[in-house]
Amino acid sequence: MSASGIVAQLTELAIAVLLAPLLTGWVNQCRAWLQNRTAPGLLQPYRTLAKLFEKEVVLAHNASSLFRAAPYFIFGCLALAAAIVPTLGTDLPLNAAADAIALVGLLALARFFIALAGMDVGTAFGSLGSRREMLVGFLAEPALLMVLFTASLISHSTSLSTMVETLAHRELVIYPSMAFAGVAFTMVSLAENARIPVDNPATHLELTMIHEAMVLEYSGRHLAMIEWAASLKLFVYSCIGLALFFPFGVAEGGDWLGLVLAAPALVAKLAVGGAALALIEMVSAKMRIFRAPEFLGTAFLLAVLAMLVHVLLEG
Amino acid sequence: MTLFSGVPLSSLDAALAAAAAWLVLGAGALTAPRSVRLARVLYPAGALVGFALAAVALGALFEAPAARILPLGLPDLPFHARLDSLSAFFLLLLGCVGAGVSIYSTGYLRAGEGAPPGLQCLCYHVFLASMGLVLVADDAYFFMVAWETMALSSFFLVTSDHRHAEIRRAGYLYILIAHLGAISILLCFGALQAGTGDYSFEAMRNLQPSSGWASVAFVLALAGFGAKAGIVPLHIWLPEAHPAAPSPVSALMSAVMLKTAIYGMLRVSLDLIGFPLWWWGVIALAVGLASALFGIIFAAVQTDMKRLLAYSSIENIGLIVAGLGLTLLFRGFGMGTFAALALTATLYHAFNHAFFKSLLFLATGSVLHATSERALGRLGGLIHRMPRVAWCALVGSIAIAGLPPLNGFVSEWLLLQAFLFTPGLPQGYVNMLVPVAAAAVALTAALSGYVMVKFFGVVFLGQPREAKLAAAHDAGPWESAALFWLAGGCIVLGLMPGLMLSALEPITRRFTGYGIDAAGRGWLFVAPIAPERASYSPALFLAVASILILVAWLAVRRLYHGRVRRAPAWDCGFPWLNARMQDSAEGFGQPVKVVFRPVFRIEGEAPSPSDARPRYRESAEDRMWYWLYLPIARAVERVTSLVTLLQRGRISVYLMYSFATLLVLLFFIR
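The structure presented is a predicted model; accordingly, all values stated were derived computationally and were not measured. (Residues numbered from 1 in each chain as written. Chains lettered and ligands numbered in written order. Predicted model: local features only at pLDDT ≥ 70, side-chain atom pairs only at ≥ 80, totals over all residues.)

### Considerations on the overall build of chain B
Quick reminder of the rule: Going along the chain from the N terminus, every DSSP run of H or I of four or more residues is numbered as a helix, and every run of E of two or more is numbered as a strand. As a reference, a globule follows 2.2 Å times the number of residues to the power 0.38, and the radius of gyration itself is taken over C-alpha atoms. To sort residues by exposure, count the other C-beta atoms lying within 10 Å of each residue's C-beta; 20 or more gives buried, 12 or fewer gives exposed, and values between give partly exposed, all with C-beta atoms placed from the backbone.
Regarding its fold elements, chain B presents 23 helices and 5 strands. Taking 26 Å as the expected radius of gyration for a compact globule of 670 residues, we find that chain B reaches 26 Å, a close match to that expectation. Once the C-alpha set of chain B is aligned to its principal axes, its extents read approximately 100 × 70 × 60 Å. Within chain B, the proportion of its 670 residues that are buried is 55%.

Here it is, written out as structure tokens:
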């Protein structure tokens, strides 16, 4: 643990928490441009958050303390997840505390609590949303784990820092296993972040919504925390993708200059990634909910295939 | 008795004394079989014995194996007892969980439910004692006596509410499968003694059976102990017997009795045979993963909370057997370090499962007493009425779902780590199977999250689905104390894995020759092979997460107002919301039914849209019944119907049979 490690850790956390809504705003802006609409400002998510924090909380009569605690809990989990993924430097103190499997566990923990919160008030939509969220979750989680396993087999480690360091130092050849894993990871991230082929973040149509149905009973500061956590989740998934597939520009060891240069590199990569996400959402159509298992099953098989290909061809 | 003749008292003597004390307590209950008050004194005493046994076992973990010959048994065939680190580990589990369940039983006991309290108390303590004796038995004879006592006492506990036909049926199924297993275990010991006629484990250990006989013994042991553990396809008794038994008994059976079967598998494969072949590991891995996936998929569609937990037990046993398979695989290829890692994961998960499964079964017991409902479709909203039970059940649910930072995650983490090291295996085909196996483990873990959201959400959250739930009361002091003890165990085992790893080190050293370096990076870290390969620190993890949550909460409270207004639920503005509009247990199972449709045998009828009085019925059954058990049952019936040809009901015919038999015998003897 070094001074630069601690600085990198804290900077990373601060960047994630503060810039996550910006990424959401950027994706929304790109989407609006692609749809030939006038885009909302880049800072629109911050305005929404500020508005929600000012509003009072309207709580259902039978909401339990679990319902009230869940938004902070989920926010904390996702902030920790953002701190674990190496985005600026690989010399992170938290690296010894949580590896790739723990990262998946952390994301699952957040999902567990948001699903329970959705069931807490006992409305028709809440439990429907929770059920669908868990359906997407139990199909997407193993696929994500398999993607990370493929990377960890390559680097002989489940530590995220070691993975990033190893992947960044491989010569620039397209590895078939990572290609499969990349496709699988993209599909999983779309599903996990309630993005278009699986869910639509912009709709409140009863029959199709997943994430929005679950958080329907939240208002005021609780909703603000949930929305912020959702932005953080998108940020975390983007960072996992960048760490696994584009790990270039990340500072290694106690390299101060590298740390300074890593921040603009991260912003640039995220900007490109966000635009790509908007493009994917533009060209695909929302699926029926029961097509989602096929979609995610494909992702899961691709991820397992990635591991098999690694064992067979690259091992 | 001469049990205490060997002064100073050794750990083995103390463990035997604990079992004897349980037997005495059970016998004491017979003095007044109908007295609830006497049973209320005996159960806490049993709990004290449990704690004492746990303390003794903890000490014995780090001692050299001790053996003695008991002055019991048949002439020339005395009972041998032996306490080594593996026995001590499982005795520790029995002591910790047995004590918790005994405390709970003190409060759970009611007059007028099923068999008289004294008889239940007797069976309960005999059950505890026999499990203890199974773990210290050192010859096949003693082992089988203890094993059968365990089966019989638990049978009487399962059928304690014997006035219901379905409970008698469940008990019959249980005892039937238990005896099929027992025959298989007996044959396994027969194969291991290799014609010497010496059935002591010491002799089997020193014998080197041919690899053919060793394989026969292993397969018999896997089937025999598997019948007790509930691996597919011998699992069918489990979802019947667990809901039929009183909740403390379900807890004890699921948490400890299934583990004695795991103990048996480990004892036979790693100790008595001693040189596992790699393909045994492949068999155990395949069977284990099939059980795990099967169990969790069926758990997702259950509508009875205890059946749901019973299927989840099949899943966890499956994961444990898969871990055992991985251990054998590594051991067979002579990769000792990785075998140690896999064995650590196996034993750790066995211990964890004992804690969280007994916790959840006891929580369902409290819910059952408070509401007299077992069906998920008639529960809901109990977090308001039973907060203590609800929060303890939440701890258990997080643990069993394998989520950090609790104990279920640590063992699944270790198991996945063990999988990640398999690509170094010298066998190409096995190497290719490993990614598929790891994927199955990952899918199982994710599905268990789904199942636990269903379990906790439907029972404790939402609106109460029945009016009578408003009268539900929280658990009493004894019940709460037991729940807190077990929940605390889940938390400690989750946050301080170093403790458990150092307790497991003597076992892995003894059976694989290697140990996981527990104290390498301090008590708070798990770094099984090397820190740069993988490390995890639940305490640090929890500390940082708590700080982040706390900072977020404080910042929001400081910077903004804390205004809250209570109002009816919003539900998109729909004003006629009622409790029946929530997702039911069936509804929550439906996606799993659709995704894994071929696994189930689904029967049912859906009403047409224009039906004025719609009726909806659907059942998802186990195909194993129709593929395996019913054909066997029909074949047995056909064979037995041939026997009736002999029965003519006329005395002259029977005399003829006797005469013919005599003739045949004379022919042979001559």
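Here the narrative resumes, following the displayed structure.
### Let's talk about the overall build of chain A
As a reminder of what qualifies: Each residue is represented by a C-beta atom placed from its backbone, and any two residues with such atoms within 7 Å are regarded as in contact.
In terms of helices and strands, chain A carries 11 helices and 1 strand. The N-to-C order of helical and strand elements in chain A reads α-α-β-α-α-α-α-α-α-α-α-α. A compact globule built from 315 residues should have a C-alpha radius of gyration of about 20 Å, and chain A, at 19 Å, falls within 12% of that. Considering chain A as a whole, with its 315 residues, one finds that 65% of them fall into the buried category. Nonlocal contacts in chain A, meaning residues at least 24 apart in sequence, comprise 82% of its contacts between residues at least 6 apart.

### Let's talk about the interface of chain B and chain A
Short version of the rule: Under this grouping Gly is polar, as are all residues other than the nonpolar Ala, Val, Leu, Ile, Met, Phe, Trp, Tyr, Cys and Pro and the charged Asp, Glu, Lys and Arg. Whether two strands pair comes down to DSSP finding at least two bridges between them.
Taken together, the 70 residues of chain B in the interface contact 70 residues of chain A. Within the residue set of the side of chain B that touches chain A, elements represented by two or more residues are α14 (382-385), α16 (407-420), α17 (428-460), α20 (538-559), β3 (564-567) and α21 (585-595) of chain B. The element best represented in the side of chain B that touches chain A is α17 of chain B, accounting for 15 residues. A per-class count over the side of chain B that touches chain A returns 50 nonpolar, 13 polar and 7 charged. Relative to β3 of chain B, strand β1 (residues 57-60) of chain A runs parallel, the two being bridged by 4 bridges. Each bridged residue has a counterpart across the sheet, and for V57 of chain A the counterpart in β3 of chain B is V564 of chain B.

### Topic: the confidence of the model for chain B
Residues and elements named next belong to chain B. In plain terms, the rule: Per-residue confidence from the prediction method is given by pLDDT, with values spanning 0 to 100.
Per-residue pLDDT for chain B has a mean of 90; in total, 97% of the residues score no lower than 70. Averaged over each element, pLDDT in chain B is lowest for strand β5 (residues 617-622) (84) and highest for helix α15 (residues 387-400) (96). In this model, residues 1-7 is a region of pLDDT below 50 whose contacts with residues beyond four sequence positions or in other chains number 8 contacts. Interface confidence for the predicted complex, given as ipTM, is 0.96, next to a pTM of 0.94.

### Side note on the environment of I491 of chain B
All names here are of chain B. By secondary structure assignment, the location of I491 is in helix α18 (residues 477-495). On a C-alpha basis, the gap between I491 and G396 in space is 9.3 Å, while along the polypeptide they are 95 residues apart. With near-sequence residues (within four places) excluded, I491 lies in contact with V395 and L406.

### Some words on the environment of Q590 of chain B
Relative to the elements of secondary structure, Q590 of chain B occurs in helix α21. Counting along the chain gives 224 residues from Q590 of chain B to S366 of chain B, while the straight-line C-alpha distance between them is 28 Å.

### Focus: helix α1 (residues 11-29) of chain B
Residue and element names in this part refer to chain B. Formally: One less than the residue count of a helix, multiplied by 1.5 Å, gives the span that helix is expected to have.
Across its 19 residues, α1 extends 27 Å between first and last C-alpha, which sits within 8% of the 27 Å expected from 1.5 Å per residue. Taken as a whole, α1 has its buried residues at S11, L12, D13, A15, L16, A18, A19, A21, W22, L25, G26 and A29. Where α1 is buried, its residues meet α2 (36-60), β1 (66-74), β2 (77-83), α3 (85-108) and α4 (117-136).

### Some words on the environment of V136 of chain B
Residue and element names in this part refer to chain B. Within the secondary structure, V136 sits in helix α4. Take V136: there are 28 C-beta atoms within 10 Å of it, and that puts it in the buried class. In this structure the C-alpha to C-alpha distance between V136 and V287, which are 151 residues apart in sequence, comes to 27 Å. Each residue touching V136, except ones within four places of it in the same chain, is listed here: L12, A15, L16, A81, R82, L83 and S87.

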